[in-house]
Amino acid sequence: MTNLELIKELYRAFREKDYDAFLKICTCDLEWIQNPGFPGGKTYIGAQAVIEGVFKAFNNDWQSWSFEIEQYLDAGDTIIVIGKYVGCHRRSGKSFLSGAAHVYDICNGKVCRFRQFTDTKIIWDAMT
């Protein structure tokens, strides 16, 4: 599997809630860095921590949440994904759209680091 195919598989696993596949394509010490201002944003260590603290947590607060991919940029051991978050907050009923970039680092055929860049204010505004 190429690095680009690996990242496409990661998004498939997220969409389909295929947590076993996610665990297989990430290193055991995966570093998952979300913007500090992102709701629940912090750095998670380990794929299981990402499943619990990120993937499953979205269902609690958001009626809908997705990341719409616009472009993949292949930089060898780093894959950059440009897109936008789209969602509707469960309690407020407000929707949002926020441009975002995801940066993945690949080590020995597995995802070892994720970094997120997005406008968190737009997301927080939808929550109030």
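Keep in mind that what you see is a predicted model, and the values were worked out from it rather than measured.

### Overview of the pairing of strand 5 (residues 95-107)
With 11 bridges joining them, strand 4 (residues 78-89) and strand 5 adopt antiparallel strand pairing. Considered in strand 5, the bridge of I80 is made with V103. Between strand 4 and strand 5, which pair antiparallel one after the other, the connecting turn spans five residues, and G93 there sits at a positive phi close to 80°. Sheet topology places strand 5 next to strand 6 (residues 110-118); eight bridges connect them, and they run antiparallel. Among the inter-strand pairings, Y104 is bridged to a residue of strand 6, identified as F114. Between strand 5 and strand 6, which pair antiparallel in sequence order, lie two residues; one of them, N108, sits at a positive phi of approximately 50°.

### Observations concerning the packing of aromatic side chains
Applying the stated rule across the entire model yields 17 aromatic pairs. Consider the rings of F22 and W32, whose centres lie 6.0 Å apart with planes at 75°: the pair is edge-to-face. With F22 in helix 2 (residues 19-25) and W32 in strand 1 (residues 26-33), the pair connects residues that are 10 residues apart, well separated along the chain. The same class applies to F22 as to W32, namely buried. Across the ring face of Y72, the terminal group of K8 is positioned such that the distance to the ring centre comes to 5.1 Å.

### A short note on the pattern of salt bridges
Opposite charge on two side chains permits pairing when their charged atoms draw close. Summed over the entire model, instances satisfying the criterion amount to eight salt bridges. The salt bridge partner of D18 is R12, with a shortest N-O separation of 2.8 Å. On the basis of relative accessible area, D18 is assigned to the partly exposed category, the value being 25%. Residues K121 and D125 are paired through a salt bridge, measuring 2.9 Å at the closest nitrogen-oxygen approach. Taken together, the residues K121 and D125, both in helix 5 (residues 120-127) and four residues apart, mark about one turn of the helix. Under the relative-accessibility criterion, K121 is labelled exposed at 54%. Among the residues examined, D125 registers a relative accessible area of 38% and is labelled partly exposed.

### Observations concerning unusual backbone geometry
Not every positive phi belongs to a glycine, and K17 is a case in point at roughly 55°. Along the chain, K17 falls in the loop between helix 1 (3-15) and helix 2. Accessibility expressed as a relative area gives 46% for K17, which makes it partly exposed. Unlike most non-glycine residues, N108 shows phi in positive territory, near 50°. As for its position among the elements, N108 is in the loop between strand 5 and strand 6. The exposure class assigned to N108 is exposed, which follows from its relative accessible area of 83%.

### Brief notes about helix 5
All of the buried residues in helix 5 are T120, I123, A126 and M127. An end-on view of helix 5 places all buried positions within 120° of arc, on one side of the element. On the buried face of helix 5, the contacting elements are strand 3 (62-74), strand 4, strand 5 and strand 6. Taking the backbone nitrogen of K121 as reference, a side-chain oxygen 3.1 Å away marks D119 as the first, capping residue of helix 5.

Reading the values: the criteria
Residues numbered from 1 in each chain as written. Predicted model: local features only at pLDDT ≥ 70, side-chain atom pairs only at ≥ 80, totals over all residues. Heavy atoms only, no water. Pairing = 2+ DSSP bridges. Helix = DSSP H or I, 4+ residues; strand = E, 2+ residues; numbered from the N terminus. Phe/Tyr/Trp six-rings, centres within 6.5 Å; stacked < 30°, edge-to-face > 60°. Buried < 20%, exposed > 50% of the residue type's maximum accessible area, 1.4 Å probe, protein only. Lys NZ or Arg CZ within 6 Å of the ring centre and 35° of its normal. Salt bridge = Lys/Arg side-chain N within 4 Å of Asp/Glu carboxyl O. Arc of directions from axis to C-beta. Contact = heavy atoms within 4.5 Å. Polar contact = N/O pair within 3.5 Å; in protein donor to acceptor, adjacent residues only side chain to side chain.

So far we have only geometry, and geometry alone does not tell us how the molecule works.
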